[in-house]
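# Results of the structural survey
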Amino acid sequence: MNESISNCDNHCIFCKIISGKLPASRVSEDDEYLAIRDVNPQAPVHILVIPKLHLPGVSEFEEPAQLGRLFQAASKVAASEKLSSFRLVINKGADAGQTVYHLHIHLLGGRQLSWPPG
Ligand code: 5GP
Ligand code: ZN
């Protein structure tokens with residue numbers, strides 16, 4: 001496995017959270033994902049659904065089913081938060097607003113969300 005998709009604990013803030021080296025407000029997890037509350041929430045519910053395997057972004061998955069399972073996890077978290085309306089967002093690349101280069105889905109809800117996004 002090359003370094004870009006290994007768990008590069010030393011350099012990646014989300015890998016450190018997953019391994020417990022950094023604290024986070026944990027919502028739920030299983031073998032493959034961890035859900036945490038975003039430290040800078042943009043909505044009453046703002047949760048990050050993060051694969052435990054370090055993948056730099058949405059284009060770097062190894063098999064499409066990884067993304068399917070991650071979206072399934074995000075929907076389960078939305079249900080556990082009792083959200084009937086919500087938005088799932090993946091920012092890819094700096095111009096789209098990606099700041100942490102470990103794949104994550106933003107789950108946003110609990111308020112009216114405008115469209116188009118900024
Ligand atoms: P991106 O900009 O890459 O799409 O999203 C990264 C998200 O991670 C941002 O919403 C940011 O607030 C959140 N974030 C960055 N560092 C931390 C942290 O240490 N803990 C938590 N819980 N969220 C973080
Ligand atoms: Zn990572």
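Preceding this section is the structure that the text describes.
Everything numeric here is computed off the predicted structure, so don't read it as measured data.

### Some points on the sheet that holds strand β4 (residues 87-89)
Pairing is antiparallel in the open sheet, where 5 strands are placed in the order β1-β2-β3-β5-β4. If you trace the sheet from one side to the other, it starts and ends with β1 (26-29) and β4, each paired once. Put simply, the sheet's adjacent strands are angled 20° from each other on average, direction ignored. In this structure, strand β2 (residues 33-37) lies alongside strand β3 (residues 45-51), joined through 5 bridges in antiparallel fashion.

### Description of the site of ligand 1
Near ligand 1, the surroundings consist of 16 residues, among which Asp38, Asn91, Gly97, Thr99 and His106 are the closest. Here Asp38 contributes a side-chain N or O atom positioned 2.5 Å from an oxygen atom of ligand 1. In isolation ligand 1 has 520 Å² of accessible area, and contact with the protein removes 82% of it. Going through the elements one at a time, α1 (13-19) and β2 are the ones with two or more residues in the shell around ligand 1. In terms of residues, the shell around ligand 1 owes the most to one element, α1, which gives 3 residues. For the shell around ligand 1, the class distribution of residues is 7 nonpolar, 7 polar and 2 charged.

### Examining the coordination of the zinc ion (ligand 2)
Coordination sphere of the zinc ion (ligand 2), protein contribution only: Cys12 (SG), Cys15 (SG), His54 (ND1) and His102 (ND1), at 2.0 to 2.3 Å. Bound by 4 donor atoms, the zinc ion (ligand 2) shows angles of 101 to 118° at the metal and therefore tetrahedral coordination geometry. Here the donor residues for the zinc ion (ligand 2) map to a single chain with the spacing C-x2-C-x38-H-x47-H. Linking Cys12 in the segment before α1 with His102 in the loop between β4 and β5 (105-109), this pair joins segments that are 90 residues apart in sequence. As far as burial versus exposure is concerned, Cys12 and His102 are alike and both buried.

### Section: the pairing of β1
Two strands pair when backbone bridges link them, and β1 and β2 are joined in this way by 3 bridges, in the antiparallel orientation. When the bridges of β2 are listed, Arg26 appears paired with Ile36. From the end of β1 to the start of β2, which pair antiparallel, there are 3 residues.

### Considerations on the pairing of β3
The buried fraction of β3 amounts to 7 of the 7 residues, a majority that puts the element mostly inside the structure. Across the two faces of β3 the burial is the same, with Val45, Ile47, Val49 and Pro51 and His46, Leu48 and Ile50 all buried. Relative to β5, β3 runs antiparallel, the two being bridged by 5 bridges. Counted as the bridge partner of Leu48 is His106 from β5.

Calculation criteria
Residues numbered from 1 in each chain as written. Chains lettered and ligands numbered in written order. Predicted model: local features only at pLDDT ≥ 70, side-chain atom pairs only at ≥ 80, totals over all residues. Heavy atoms only, no water. Pairing = 2+ DSSP bridges. Helix = DSSP H or I, 4+ residues; strand = E, 2+ residues; numbered from the N terminus. Axes fitted to C-alpha atoms, helices over the stretch in contact; angles between N-to-C directions. Near = heavy atom within 4 Å. Polar contact = N/O pair within 3.5 Å; in protein donor to acceptor, adjacent residues only side chain to side chain. Areas by Shrake-Rupley, 256 points an atom, 1.4 Å probe, with all protein chains shown as cover. Nonpolar A, V, L, I, M, F, W, Y, C, P; charged D, E, K, R; others polar. Donors = N, O, S within 2.8 Å, 3.2 Å for Na, K, Ca; no water. Tetrahedral: all angles 85-135°; square planar, octahedral: opposite > 155°, others 65-115°. Buried < 20%, exposed > 50% of the residue type's maximum accessible area, 1.4 Å probe, protein only.

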